[in-house]
Amino acid sequence: QGEVVESGGGLVQAGGSLRLSCAASGSIFRINVMGWYRQVPGKQRELVATIISSGITNYADSVKGRFTISKDNAKNTVYLQMNSLKPEDTAVYYCNVVRMGGRNYWGQGTQVTVSS
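What counts, and at which threshold
- Residues numbered from 1 in each chain as written.
- Predicted model: local features only at pLDDT ≥ 70, side-chain atom pairs only at ≥ 80, totals over all residues.
- Heavy atoms only, no water.
- Helix = DSSP H or I, 4+ residues; strand = E, 2+ residues; numbered from the N terminus.
- Buried < 20%, exposed > 50% of the residue type's maximum accessible area, 1.4 Å probe, protein only.
- Contact = heavy atoms within 4.5 Å.
- Areas by Shrake-Rupley, 256 points an atom, 1.4 Å probe, with all protein chains shown as cover.
- Lys, Arg positive; Asp, Glu negative; His and termini not counted.
- Charge placed at Lys NZ, Arg CZ, Asp CG, Glu CD.
- Salt bridge = Lys/Arg side-chain N within 4 Å of Asp/Glu carboxyl O.
- Disulfide = S-S within 2.5 Å.
- Pairing = 2+ DSSP bridges.
- Axes fitted to C-alpha atoms, helices over the stretch in contact; angles between N-to-C directions.

Draft legend 1. Geometry of the overall build of the chain. Summing up its helical and strand segments, the chain has zero helices and eleven strands in all. Its helices and strands taken in sequence order, the chain reads β-β-β-β-β-β-β-β-β-β-β from the N to the C terminus. Along the first, second and third principal axes, the C-alpha atoms of the chain reach 40 × 25 × 25 Å. The proportion of buried residues among the 116 residues of the chain is 41%. Contacts spanning at least 24 positions in sequence make up 53% of the contacts within the chain whose residues lie at least 6 apart. When the accessible area of the chain is evaluated, it comes to approximately 6100 Å², of which 48% is carbon and sulfur surface. Mean positive and mean negative side-chain charge positions of the chain (12 and 7 charges, respectively) differ by 6 Å.

Below, the structure written as structure tokens:
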């Protein structure tokens, strides 16, 4: 069994910044991909950003240039630095961890609310 725990969400004004963190428990090893997704009520969960084991990153077009994903392999932790936040970034943000072999882990989600 493994656990993925997010932190760092909250309420911020438009133009502000937040940093999300996601820690995968030590029993989750041989990690291939770590990423962030977000979901608003009534819509499908969408990709925000991913980072693979080599460090290559991928971003949704809507967040390119504003969000930065990074990871600390020693801590099994992935971060999402969110700058220049917009009201349309309001969502529940979920961390996803994929091990080599494809096993998937999801966090419980953290709310990000951007006021105009």
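That covers the picture; the talk isn't over yet.
Draft legend 2. The arrangement of unusual backbone geometry in detail. Backbone geometry places arginine 30, a non-glycine residue, at a positive phi of 50 degrees. Within the secondary structure layout, arginine 30 lies in the loop between strand E3 (18-24) and strand E4 (31-39). The backbone of serine 84 sits at a positive phi, close to 50 degrees, despite the residue not being glycine. With respect to the element layout, serine 84 can be found in the loop between strand E8 (77-82) and strand E9 (91-99).

Draft legend 3. Local environment of the pattern of salt bridges. Across all of its chains, the model carries four salt bridges by this definition. Residues arginine 38 and aspartate 89 are paired through a salt bridge, measuring 3.0 Å at the closest nitrogen-oxygen approach. Remark: aspartate 89 occurs in the loop between E8 and E9 and arginine 38 occurs in strand E4; sequence separation between them is 51 residues. Here arginine 38 and aspartate 89 have matching classes, each one buried. Here the salt bridges share partners, and the residues they tie into one network are Arg38, Glu46, Arg66 and Asp89.

Draft legend 4. Molecular detail of the state of the cysteines. Summed over the entire model, instances satisfying the criterion amount to one disulfide. What pairs with cysteine 22 in a disulfide is cysteine 95, and their sulfur atoms sit 2.0 Å apart. When the S-S torsion is -80 degrees, as for the bridge of cysteine 22 with cysteine 95, the disulfide is left-handed. Taken together, the positions of cysteine 22 in strand E3 and cysteine 95 in strand E9 put the pair 73 residues apart, joining distant regions of the chain. The exposure class assigned to cysteine 22 is buried, which follows from its relative accessible area of 0%.

Draft legend 5. Representation of the sheet that holds strand E1 (residues 4-7). On the basis of which strands lie adjacent, the open sheet formed by four strands has the order E1-E3-E8-E7 and antiparallel pairing. Where the open sheet ends on each side, the last strands, each with one partner, are E1 and strand E7 (67-72). With strand direction ignored, the average angle separating the axes of adjacent strands in the sheet is 15 degrees. When E3 meets E8, the two strands line up antiparallel, connected through six bridges. Note that in E8 the partner of arginine 19 across the bridge is glutamine 81.

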